[in-house]
Structures are given as structure tokens and as C-alpha cells.
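Architecture and fold: a report
These are the residues of each chain, in order.
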Amino acid sequence: MIVPIVEFCISNLANGAQKALEQLERDPNLDIIEYGCLSYCGKCAKSLYALVDGEPVTAETPEELVEKIYQHIEDNPMF
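Treat the numbers as computed from the prediction; the structure is a model and nothing was measured.

On to the side chain of His 72. As for its position among the elements, His 72 is in helix α3 (residues 62-75). With residues near it in sequence (within four places) discarded, His 72 still touches Val 52, Glu 55 and Val 57.

Rendered as C-alpha cells:
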């Protein structure tokens, strides 16, 4: 089974995305990775974001980010 990869920038975690990461880490069907920087500084400065299988997903709140990440995974199946 191919598992979606969700990547977080450490700076964005400090800006509020940490709550989203903690919630997503409880899902055994996701591979969560933290990086020092993902080179999306413009997005990072303006909103919470994560890369889902290499595609940026942005939101205003951690809860919205989690919802949008799952929606992105559902809209972009990996098979």
C-alpha cells in the first residue's frame, strides 16, 4: 500500500502547524516528515501549510489544515 507523505517545515510548526502535525501523526496511514525548511517561505510567512505528496496545502488554522490535507489526499488518489 502506498502511504501519502505529509511534510512540515519546522518554522511553520512554530507558527501553529504543530497541532495539525500532532493530529496527523496519530494516523497510521500517513507518513509524516519534519524538515528545517521546505523553501516555501512565502507560504510559510502567510499561512499554515504542509506538502502533501509534494503539493502545497495551505490553511488559516491547524484544524482547517488537517481537513484540507485529508481532502487533498481524497481528491488525488495515488493509484
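Picking up where we left off.
End to end, α3 covers 20 Å across 14 residues, agreeing with the expected 20 Å (1.5 Å per residue, within 8%). Turning to α3, its buried residues number three or more, namely Pro 62, Leu 65, Val 66, Ile 69, His 72 and Ile 73. When α3 is viewed along its axis, its buried side chains cluster within an angular range of 125° and face the same direction. Relative to its buried face, α3 has exposed residues pointing more than 90 degrees away, namely Glu 67 and Glu 74. Buried-residue contacts for α3 involve β1 (5-9), α1 (10-25), β3 (48-52) and β4 (55-59).

The next point concerns the pairing of β4. Sheet topology places β3 next to β4; 5 bridges connect them, and they run antiparallel. Bridging across to β4, Tyr 49 finds its partner in Thr 58. Where β3 folds back on β4, the antiparallel hairpin that results is connected by 2 residues, among which Asp 53 adopts a positive phi of roughly 50°.

Packing of α1 against α3 brings their axes to within 8 Å, and their N-to-C directions diverge by 45°. The angle between α1 and α3 falls in the class oblique. Considering how the two elements wind past one another, α1 and α3 form a crossing that is right-handed. Listed contacts from α3 to Gly 16, Ala 17, Lys 19, Ala 20, Gln 23 and Leu 24 of α1 are Pro 62, Leu 65, Val 66, Ile 69 and Tyr 70. Of the residues belonging to the contact of α1 with α3, the class tally is 8 nonpolar, 2 polar and 1 charged.

The residue Met 1 is located in the segment before β1 in this model. With 28 residues separating them in the primary sequence, Met 1 and Asn 29 have C-alpha atoms 9.2 Å apart.

The rules behind these values
Residues numbered from 1 in each chain as written. Predicted model: local features only at pLDDT ≥ 70, side-chain atom pairs only at ≥ 80, totals over all residues. Heavy atoms only, no water. Helix = DSSP H or I, 4+ residues; strand = E, 2+ residues; numbered from the N terminus. Contact = heavy atoms within 4.5 Å. Expected span 1.5 Å × (residues − 1). Buried < 20%, exposed > 50% of the residue type's maximum accessible area, 1.4 Å probe, protein only. Arc of directions from axis to C-beta. Pairing = 2+ DSSP bridges. Axes fitted to C-alpha atoms, helices over the stretch in contact; angles between N-to-C directions. Parallel < 35°, antiparallel > 145°, perpendicular 65-115°, else oblique. Left-handed = near helix turned anticlockwise from the far one by under 90°. Nonpolar A, V, L, I, M, F, W, Y, C, P; charged D, E, K, R; others polar.

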